[in-house]
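Coordinate inspection notes
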Amino acid sequence: MKPLDILEVLPRSLWVTTCNSGSCNGCDIEVVATLGPRYDIERFGMKLVGTPRHADVMIVTGPVTRFMREKVKRIYSQMPDPKVVIVVGNCGCSGDVFYKSYNLVGPVDNIIPVDVYVHGCAPRPEAIIEGVTKAVLKLESLRKKEPVSNVVETVGEPVAGEVAL
Amino acid sequence: MWGQINSGWGYWNVFIWLFFFVLISFFVLWVRSMGRMDYKRNTDQDEIYWSGNDVPEDGADISVPASSSYWGFRVAMEPLYRFLNSFHSGNASDYAGYFVVTTALVGILILF
């Protein structure tokens, strides 16, 4: 891809907000590592913001606990349109080993629409970056109001034994 | 009817202030016009973000009161504060009396 084409794909910075919906913090640490100096995703324009009202992308980590259901819905609804949701980690994608827990109402796509799934426990920063690139493409197609494929992007392979709900 | 105010042409000149007020207002409105107007009114998108929680009706319900500042210090010094508070009657005559007594004591210390 020529440099000019890359610039056309990402014409503006991607502002991201995170939401821990019951994660063990493992995925959050990987998200922080993605933003840290080694992977430094800010050099591509991905910037963490403190409020969903400024964000284009919502990164959700963890299965959604009963306590967090309304909060996740509210944070999602406070984001301006168009918006994209990335789920990071097996728990948010499927519930993983907690899928039968009495206190879960997740996975995340039971609560809010999800655009990109990043599998792993916890996923490596490279996988999160790949998920972000897929989110950029989805977001740009939403901004241009192009027809969006219903196929949901998935990064990484679900781990062996992961339960498909 | 109106007295003439002559402020000269220095820093306090009214017309200079008005000029800069209009100039800065224009600049502020220009910046504001570049903001996004496509948010959905009367939805959560124009509500206050409070970490996903309901915004409380009264901020005092969730805020830490100022009286909690230096809590340990206040508790440790409570006997002294209770003693000092006993002097505070709210009567100005009492405070004037304290002033006179203190001045007299200081005067005695200085003179003798």
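Residues numbered from 1 in each chain as written. Chains lettered and ligands numbered in written order. Predicted model: local features only at pLDDT ≥ 70, side-chain atom pairs only at ≥ 80, totals over all residues. Heavy atoms only, no water.

Attention now moves to the overall build of chain B. On a plain count of helices and strands, chain B comes out with 4 helices and 0 strands. The helix and strand sequence of chain B, counted from the amino end, reads α-α-α-α. Taken over 112 residues, chain B has a buried fraction of 3%. Of the roughly 10,600 Å² of accessible surface on chain B, 69% is carried by carbon and sulfur atoms. (Helix = DSSP H or I, 4+ residues; strand = E, 2+ residues; numbered from the N terminus. Buried < 20%, exposed > 50% of the residue type's maximum accessible area, 1.4 Å probe, protein only. Areas by Shrake-Rupley, 256 points an atom, 1.4 Å probe, with all protein chains shown as cover.)

What follows deals with the packing of aromatic side chains. Where two aromatic rings form a pair, the distance of their centres and the angle of their planes describe that pair. Within this structure, the stated rule accounts for 5 aromatic pairs over all chains. Geometrically, the ring pair formed by Phe83(B) and Phe87(B) is edge-to-face, given 5.1 Å between the ring centres and 85 degrees between the ring planes. The class of Phe87(B) is partly exposed, set by a relative accessible area of 35%. Ring geometry for Tyr95(B) against Tyr98(B): centres 6.2 Å apart, planes inclined by 50 degrees, an arrangement best described as tilted. Linking Tyr95(B) with Tyr98(B), this pair stays in helix 4 (residues 92–111), spanning 3 residues, or about one helical turn. The exposure class assigned to Tyr98(B) is partly exposed, which follows from its relative accessible area of 34%. Grouped by ring-pair contacts, the aromatic residues Phe83(B), Phe87(B), Tyr95(B) and Tyr98(B) constitute a single cluster. Lying over the aromatic face of Tyr39(A), Arg38(A) brings its terminal NZ or CZ to 5.9 Å of the ring centre. Sitting over the face of the ring of Phe67(A), Lys71(A) holds its NZ or CZ atom 4.7 Å from the ring centroid. (Phe/Tyr/Trp six-rings, centres within 6.5 Å; stacked < 30°, edge-to-face > 60°. Lys NZ or Arg CZ within 6 Å of the ring centre and 35° of its normal.)

At the interface, 12 residues of chain B touch 15 residues of chain A. Summing both partners gives a buried area of about 1,200 Å² for chain B against chain A, and 37% of it is carried by carbon and sulfur. Per-residue buried area on chain B facing chain A is highest for Asp44(B), Gln45(B) and Tyr49(B); these three make up 49% of the total on that side. Our count for the contact surface shared by chain B and chain A stands at 2 salt bridges. Taking the shortest distance from any N to any O, the salt bridge between Asp81(A) and Lys40(B) comes out at 3.0 Å. (Contact = heavy atoms within 4.5 Å. Buried area = accessible area lost by both parts, 1.4 Å probe. Salt bridge = Lys/Arg side-chain N within 4 Å of Asp/Glu carboxyl O.)

Before going further, it helps to examine unusual backbone geometry. Cis geometry is found at the peptide bond from Asp81(A) to Pro82(A), where omega equals -5 degrees. One can find Pro82(A) in the loop between helix 3 (69–78) and strand 4 (84–88).

This part takes up the nonpolar core. All names here are of chain A. Of all hydrophobic cores here, the largest spans 22 residues; its most connected members are Met 46, Val 57, Ile 59, Ile 86, Val 88, Val 118 and Val 132. Of all the elements, helix 5 (residues 125–143) adds the most residues to this core, at 7 residues. Not counting the four nearest positions on each side in its chain, Val 88 is found in contact with Cys 27, Val 31, Ile 59, Val 60, Thr 61, Gly 62, Val 118, Pro 123 and Ile 128. Core analysis: the second largest hydrophobic core is formed by 20 residues, Cys 19, Met 58, Tyr 76 and Ile 112 among them. (Core = buried A, V, L, I, M, F, W, Y, C linked by side-chain atoms within 4.5 Å.)

Right, let's talk about the pairing of strand 1 (residues 14–20) of chain A for a bit. All names here are of chain A. Relative to strand 2 (residues 46–48), strand 1 runs parallel, the two sharing 3 bridges. Residue pairing in the sheet places Leu 14 in a bridge with Met 46 of strand 2. Each parallel crossover has a hand, and for strand 1 linked through helix 2 (residues 26–35) to strand 2 it is right-handed. The pairing of strand 1 with strand 3 (residues 57–61) spans 5 bridges and is classified as parallel. Opposite Thr 18, over in strand 3, you have Ile 59 as the bridge partner. (Pairing = 2+ DSSP bridges. Right-handed = clockwise from strand over helix to strand, strands pointing away.)

Of the residues in chain A, 81% reach a pLDDT of 70 or more, and the chain-wide mean stands at 83. Within the model, the stretch residues 160–165 of chain A combines pLDDT values under 50 with 10 contacts to residues more than four positions away or in other chains. (pLDDT = per-residue confidence, 0-100.)

This part covers the pairing of strand 4 of chain A. Residue and element names in this part refer to chain A. Buried residues dominate strand 4, accounting for 5 of its 5 residues. Here strand 4 shows a buried face lined by Val 84, Ile 86 and Val 88 and a second buried face lined by Val 85 and Val 87. When strand 3 meets strand 4, the two strands line up parallel, connected through 5 bridges. Paired with Thr 61 across the bridge in strand 4 is Val 88. With respect to chirality, the unit in which strand 3 leads through helix 3 into the neighbouring parallel strand 4 is right-handed.

Next up on the list: the layout of surface pockets. Volume-wise, the largest pocket comes out at about 460 Å³. In terms of lining, the largest pocket is formed by 16 residues, of which the most central are Arg53(A), His54(A), Pro80(A), Arg36(B) and Asp38(B). Of the residues assigned to the lining of the largest pocket, the class counts are 5 nonpolar, 4 polar and 7 charged. (1 Å grid on protein atoms, 1.4 Å probe; cavity = no way out; pocket = protein on both sides within 12 Å on 5 of 7 lines; lining within 4 Å. Points joined across faces, edges and corners; volume = space filled by probe spheres on them. Nonpolar A, V, L, I, M, F, W, Y, C, P; charged D, E, K, R; others polar.)

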